[in-house]
Amino acid sequence: MRALQIPNLALNDGRAIPQLGVGVFLVKPGEAQRVVADALDVGYRHIDTARIYDNEAEVGAAIAESGIPRDELFVTTKLWNTDQTQAAAAFEASLDRLGLDRVDLYLIHWPQAMFGEALTAWKSLIEIAATGRATSIGVSNFEKDDLQQLLDETGVVPAVNQIELHPLHQRRELAAFCAEQGIAIEAWGPLAQGKSDLLERPAITEAAAAHGKSPAQVVLRWHVQQGRIIFPKTLRRERMVENAGLFDFELSAAEMAAIDALDEQRNFGPDPRTFDVR
Ligand code: NAD
């Protein structure tokens, strides 16, 4: 099984992360092991899962079965909202399900600012990182204020902020703040979760035609050229291959600008300020 040639990006803690991976949100138990096995076979080495996806055990099984050396893989999982005051135990349970003795990246999944425990969780993640069993630590769905609190109270800068971001929802202010702080952006829903006509917009289809690429490849390339980390989800092996075909072409400044102009500040997932699932 040969690895795809995917660039690594440097995180603010000095670690490297493959810029492209696969995500397994809403990939059901019973399907996730096959999806991850296919992804590893296609050559992906970066997997994004979470406690709440309920597929950590299958992700771990696919990894074990692949025989790929652990240090060639990059595995992310996330602390669920109900565990913010018991992160150490939740982390152990995630490692057990994954069958791993460390993850490469551990994230607080949502800030849940209204409950006021994100800082408690962040302090626990800092302790976990000190043990070396989460190589890097970061957050997800954090707004500027949520990030500022962690910075002010601990001085430890998250390595990443994983946020909904795609051409219809570009989060420019938040992205600029993260850039200033050295926080890498992981764009979730990079294809707007397949819930819009994004792939039919002329800015996308015209660039696709010009480069002999698919609309999805153009959108993913738009992310890559801005230095973002992405892990599009697909259950289909042929789309896994397609979604990795991003590193042999370049969008022009005009093509990038035409996609930039698609911003509608339109999110398809929950709003982090009001999402209060416990
Ligand atoms: P996505 O933007 O990756 O969209 C996935 C959908 O896009 C698929 O269901 C499929 O319909 C379509 N698609 C994929 N490849 C395609 C192609 N080549 N051509 C046409 N359509 C294609 O959305 P996502 O799965 O929500 O996001 C990706 C990953 O981000 C998730 O799997 C998960 O790992 C992560 N995520 C994180 C959070 C969070 O709160 N941190 C939330 C949602 C997702």
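Participant: Residues and numbers for the environment of Met240, please.
Facilitator: Mapped onto the secondary structure, Met240 falls in helix H9 (residues 237-243). For the pair Met240 and Gly43, spaced 197 residues apart in sequence, the C-alpha to C-alpha distance is 9.3 Å. Leave out the neighbours within four places in its chain, and Met240 touches Val35, Asp38, Ala39, Val42, Tyr44, Thr234 and Leu235.

Participant: Residue-level account of the packing of aromatic side chains, with values.
Facilitator: Think of a pair of aromatic rings as described by two things: how far the centres are apart, and how the planes are tilted against each other in angle. One pass over the structure, following the stated rule, counts three aromatic pairs. With a centroid separation of 5.2 Å and 45° between ring planes, the pair formed by Phe25 and Tyr53 is classed as tilted. Within this pair, whereas Phe25 is found in the loop between strand S3 (22-23) and helix H1 (32-42), its partner Tyr53 is found in the loop between strand S4 (46-48) and helix H2 (56-66), the two being separated by 28 residues in sequence. The exposure class assigned to Phe25 is partly exposed, which follows from its relative accessible area of 37%. Sitting above the plane of the Phe249 ring, Arg221 keeps its charged end 5.9 Å from the centroid.

Participant: Which residues make up the nonpolar core, and what values go with them?
Facilitator: Ranked by internal contacts, the top residues of the largest apolar core, which has 77 residues, are Tyr106 and Leu125. Setting aside chain neighbours within four positions, we find Tyr106 in contact with Thr77, Lys78, Leu79, Ala87, Ala90, Phe91, Leu125, Ile128, Ala134, Ser136, Ile137 and Gly138. Formed by 10 residues, the second largest nonpolar core is a distinct cluster that contains Leu11, Ile17, Phe74 and Ala159.

Participant: Any details on the site of the ligand? Residues and values, ideally.
Facilitator: The environment of the ligand is made up of 25 residues, and the closest members are Asp48, Ser140, Leu191, Gln193 and Asn243. Separating a nitrogen atom of the ligand from a side-chain N or O atom of Ser140 is a distance of 2.8 Å. In the environment of the ligand, an oxygen atom lies 3.0 Å from a nitrogen or oxygen atom belonging to the backbone of Gly189. For the ligand, the accessible surface in isolation is 830 Å², of which the surrounding protein chains cover 89%. A total of three residues in the shell around the ligand trace back to one element, the largest contributor, which is H9. Of the residues belonging to the shell around the ligand, the class tally is 12 nonpolar, nine polar and four charged.

Participant: Could you give an account of the side chain of Asp38, with specific residues and numbers?
Facilitator: Here Asp38 lies in helix H1. Taking relative accessible area as the criterion, Asp38 reaches 16% and is therefore assigned buried. When residues no more than four places from it in sequence are discounted, the contact partners of Asp38 are Arg237 and Met240.

Participant: For the layout of surface pockets, give the residues involved together with the corresponding values.
Facilitator: Taken as a whole, the largest pocket encloses approximately 850 Å³ of empty space. For the largest pocket, the lining is made up of 34 residues, of which Phe25, Gly189, Gln193, Gly194 and Lys233 are closest to its centre. Contributions of two or more residues to the lining of the largest pocket are made by strand S9 (184-188) and H9. In terms of residues, the lining of the largest pocket owes the most to one element, H9, which gives three residues. In terms of residue class, the lining of the largest pocket is made up of 18 nonpolar, 10 polar and six charged. Taken together, 18 residues make up the lining of the second largest pocket; nearest its centre are Asn8, Pro18, Glu72, Leu73 and Phe74. Within the lining of the second largest pocket, the residues separate by chemical class into eight nonpolar, three polar and seven charged.

Participant: Which residues make up the sheet that holds strand S10 (residues 229-230), and what values go with them?
Facilitator: With respect to topology, eight strands assemble into an open sheet ordered S3-S4-S5-S6-S7-S8-S9-S10, the strand pairing being parallel. In this open sheet, the two edge strands, each paired with only one partner strand, are S3 and S10. Judged from the two bridges that link them, S9 and S10 form a sheet pairing that is parallel. Within S10, the position partnered with Ala187 by the bridge is Ile230.

Procedures and definitions
Residues numbered from 1 in each chain as written. Predicted model: local features only at pLDDT ≥ 70, side-chain atom pairs only at ≥ 80, totals over all residues. Heavy atoms only, no water. Helix = DSSP H or I, 4+ residues; strand = E, 2+ residues; numbered from the N terminus. Contact = heavy atoms within 4.5 Å. Phe/Tyr/Trp six-rings, centres within 6.5 Å; stacked < 30°, edge-to-face > 60°. Buried < 20%, exposed > 50% of the residue type's maximum accessible area, 1.4 Å probe, protein only. Lys NZ or Arg CZ within 6 Å of the ring centre and 35° of its normal. Core = buried A, V, L, I, M, F, W, Y, C linked by side-chain atoms within 4.5 Å. Near = heavy atom within 4 Å. Polar contact = N/O pair within 3.5 Å; in protein donor to acceptor, adjacent residues only side chain to side chain. Areas by Shrake-Rupley, 256 points an atom, 1.4 Å probe, with all protein chains shown as cover. Nonpolar A, V, L, I, M, F, W, Y, C, P; charged D, E, K, R; others polar. 1 Å grid on protein atoms, 1.4 Å probe; cavity = no way out; pocket = protein on both sides within 12 Å on 5 of 7 lines; lining within 4 Å. Points joined across faces, edges and corners; volume = space filled by probe spheres on them. Pairing = 2+ DSSP bridges.

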